[in-house]
Amino acid sequence: MPSYKTGTVTEILSARRGLQRVEVDGEPSYVLTQLVGEVAVGDKVVVNTTAVELGLGTGGWHFVHWNLARGSVATESGGHVIKLRYTSLQADTGVAEERDDAPPTLEGTPVVALALHSQLACAAAAIKAYDERLRVVYVMTDAAALPLALSDLVADLVYEGVVDATVTAGHAFGGDLEAVNVRSGLAVAKHSLRADVILAGMGPGSVGTGTVLGYSGIEVGGIIDATNDLGGRAVAALRVSDADPRPRHQFVSDHSIVALTTATHSPVFVAVPSGTEGLPDLGPHAFVADVDEPDAVTFLHRRGITPTTMGRTPGDDPRAFEFAAAAGAYAAALVDR
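Below is a summary of the structure that appears in this document. (Residues numbered from 1 in each chain as written. Predicted model: local features only at pLDDT ≥ 70, side-chain atom pairs only at ≥ 80, totals over all residues. Heavy atoms only, no water.)

Now for helix α4 (residues 152-159). Turning to α4, its buried residues number three or more, namely Leu153, Val154 and Leu157. Down the axis of α4, the smallest arc covering the buried residues is 95°, so these residues share one side. In this structure, the buried side of α4 is in contact with α3 (119-130), β7 (136-140), β8 (165-169) and α8 (296-301). (Buried < 20%, exposed > 50% of the residue type's maximum accessible area, 1.4 Å probe, protein only. Helix = DSSP H or I, 4+ residues; strand = E, 2+ residues; numbered from the N terminus. Arc of directions from axis to C-beta. Contact = heavy atoms within 4.5 Å.)

Here it is in structure tokens:
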């Protein structure tokens, strides 16, 4: 069961669209302003403390659930479709499909299926390094964090022009456009946001249970199949690590292997840095392509962005970032000109 407590906002640490970082009685807390509105110093609030008490990956932050200083709150409506449906935080975000009927085709557009949110940075940077004119759109699924505003990475990439626009699909919310599901989200990215390349995958905070099927990244298979069904070109970004101490995540993660061998039922390009050896069996639908990937990390550093994955930097675990860059570079090369 969730845990809550009341407290007083003692400091506003920072604010941007959709998110305030505050302290409640000195404890760091997030405020998702699209759901509960903004808070001010001195406001009495209710915070959800569940994740912190369980030691989960919210960075030791609570979430403000309600502002007791307000008798009511009404945030901006985006339409009639509700996300977080049938919960106390349901929000009428609306969706792009209410206004436009995007054609159910990707017309050959490359889609990179991301296994981790952290892969977004190098995949996007590699596309822009290949050709800065290419328009990159990120479709965030609801397999992990639901509020896009929570991602500092997305905020930085959008600010620096490495990602041009965003779509939040399913119950994820807060993108430039909202979509009902991943398939319609891909179509919206293509036709409403004019994507040349689409990067699709979860937000921060993936779930893993140590079981064969119980993890967020298995959605990679569904993204690949949706891409092919809509006439796109699917590219998989392999989850790779040489620094993760867990055996199932060393070199090519078991999460990628299972997603490609069990949950994928249509063709997918698997881009790997040139000279890669010893790849495991990735299933009958995978076509491995060697790529001379650009230096995506340097591209990001020049824009003040330092990518990390699981708290590790490119110096700690270089191949984790190189494989993501390879996927982005290969997708960029697939764009029809």
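After presenting the structure, the write-up continues.
This part takes up the sheet that holds strand β11 (residues 233-237). Pairing in this open sheet of 8 strands is parallel, and the strands run β9-β8-β7-β10-β6-β11-β14-β15 from one edge to the other. Among the strands making up the open sheet, the edge pair consists of β9 (177-179) and β15 (286-291). Here the average twist between neighbouring strands, direction ignored, is 25°. Pairing between strand β6 (residues 110-114) and β11: 5 bridges, direction parallel. Bridge pairing in β11 links Ala113 to Ala236. (Pairing = 2+ DSSP bridges. Axes fitted to C-alpha atoms, helices over the stretch in contact; angles between N-to-C directions.)

Note on placement: Val268 falls in strand β14 (residues 268-273). For Val268, a relative accessible area of 2% corresponds to the buried category. Residues Val268 and Asp164, 104 residues apart in the sequence, show an inter-C-alpha distance of 25 Å. Apart from residues lying up to four places away in sequence, Val268 is in contact with Ile224, Ala234, Val235, Ala236, Leu260, His285, Ala286 and Phe287.

On to the sheet that holds strand β3 (residues 27-32). Strand pairing in a sheet relies on backbone hydrogen bonds. The paired strands run either parallel or antiparallel. Read around the closed barrel, 5 strands run β1-β2-β3-β5-β4, paired in mixed fashion. Mean inter-strand twist for the sheet, computed between neighbouring axes without regard to direction, equals 55°.

Further remarks concern the environment of Ala169. Tracing the backbone shows Ala169 in strand β8. By relative accessible area, Ala169 is classed as buried at 1%. Between the alpha carbons of Ala169 and Lys83 there is a distance of 9.7 Å; along the sequence they are 86 residues apart.

The next thing to look at is the packing of α3 against helix α9 (residues 318-334). Angle between the axes and distance between the axes: these two values describe a pair of packed helices. In contact at an axis separation of 7 Å, α3 and α9 are set at 40° when each is read in the N-to-C sense. Comparing their axes, α9 and α3 come out oblique. In this structure, α3 crosses over α9, and the sense of that crossing is right-handed. Mapping the contact onto sequence places Gln119, Cys122, Ala123, Ala126, Ile127 and Tyr130 in α3 and Phe321, Ala324, Ala325, Gly328, Ala329, Ala332 and Ala333 in α9. Residues of the contact of α3 with α9, tallied by class, amount to 11 nonpolar, 2 polar and no charged. (Parallel < 35°, antiparallel > 145°, perpendicular 65-115°, else oblique. Left-handed = near helix turned anticlockwise from the far one by under 90°. Nonpolar A, V, L, I, M, F, W, Y, C, P; charged D, E, K, R; others polar.)

Purely geometric numbers; function is a separate question.
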